[in-house]
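# Structural characterization, general
Given next are the chains, with one letter for each unit.
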Amino acid sequence: MTTEEARRRIQSAIDQFGDHAGMAIDLVINEVKSSLGNETANVLIDESDLELHYNIAPTEPEGSGD
């Protein structure tokens, strides 16, 4: 998955499900975390304000918490 593909899928979920898009977006974010890392997922969460609108919180970057 690329960052652009993730952006398109997030926007598609918002367009299709509106206020109920949280579960679909969460699936995309989990795929992003798996393939591109937490930092990329956090960027996407911040860009679309997903925490405010869908309660999808950013995660700690890899390697933190030591």
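Owing to the predicted nature of the structure, the values given are computational and were not obtained by experimental measurement.

## Looking at the pattern of salt bridges
For the structure on display, the rule yields three salt bridges. A salt bridge links glutamate 47 to arginine 7; its shortest N-O distance comes to 2.7 Å. Of the two residues, glutamate 47 sits in helix α3 (residues 38-47) while arginine 7 sits in helix α1 (residues 3-17), which places them 40 residues apart along the sequence. Here arginine 7 falls in the partly exposed class, since its relative accessible area comes to 29%. One salt bridge in this structure joins glutamate 31 and arginine 9, with 2.9 Å as the shortest N-O distance. One end of the pair, glutamate 31, is in helix α2 (residues 22-36); the other, arginine 9, is in helix α1, with 22 residues separating them in the sequence. Owing to a relative accessible area of 30%, arginine 9 belongs among the partly exposed residues under this scheme. Three or more residues are tied together by salt bridges with common partners; here these are Glu4, Arg7 and Glu47.

## Considering the packing of α2 against α3
Running from N to C, α2 and α3 cross one another at 145 degrees; their axes reach a closest spacing of 7 Å. Contact residues: α2 offers Ile29, Val32, Lys33 and Leu36, while α3 offers Asn38, Thr40, Ala41, Leu44 and Ile45. When grouped by side-chain class, the residues that make up the contact of α2 with α3 number six nonpolar, two polar and one charged.

So, how was this worked out
- The residue count restarts for each chain, going from 1 along the sequence in the order it is written.
- For a predicted model such as this one, the threshold for reporting local features is a pLDDT of at least 70, and the threshold for listing and counting side-chain atom pairs is 80 or more; totals across whole chains, interfaces and linings nevertheless cover every residue.
- Note that water and hydrogens are dropped before the side-chain values are worked out from all heavy atoms of the structure.
- What makes a salt bridge here is a side-chain nitrogen of Lys or Arg within 4 Å of a carboxyl oxygen of Asp or Glu, nothing more.
- Only runs of H or I of at least four residues qualify as helices and only runs of E of at least two qualify as strands under DSSP, and these elements are numbered from the N terminus.
- Relative accessibility under 20% of the residue-type maximum defines a buried residue, over 50% an exposed one, and the middle range a partly exposed one, all with a 1.4 Å probe and only protein chains included.
- Every axis corresponds to a line fitted to the C-alpha atoms, with the helix fit spanning only the stretch in contact, and the corresponding angles, defined between N-to-C directions, vary from 0 to 180 degrees.
- Here, two residues are considered to be in contact whenever any of their heavy atoms come within 4.5 Å of each other.
- When residue character is reported, Ala, Val, Leu, Ile, Met, Phe, Trp, Tyr, Cys and Pro are called nonpolar, Asp, Glu, Lys and Arg charged, and the others, Gly included, polar.

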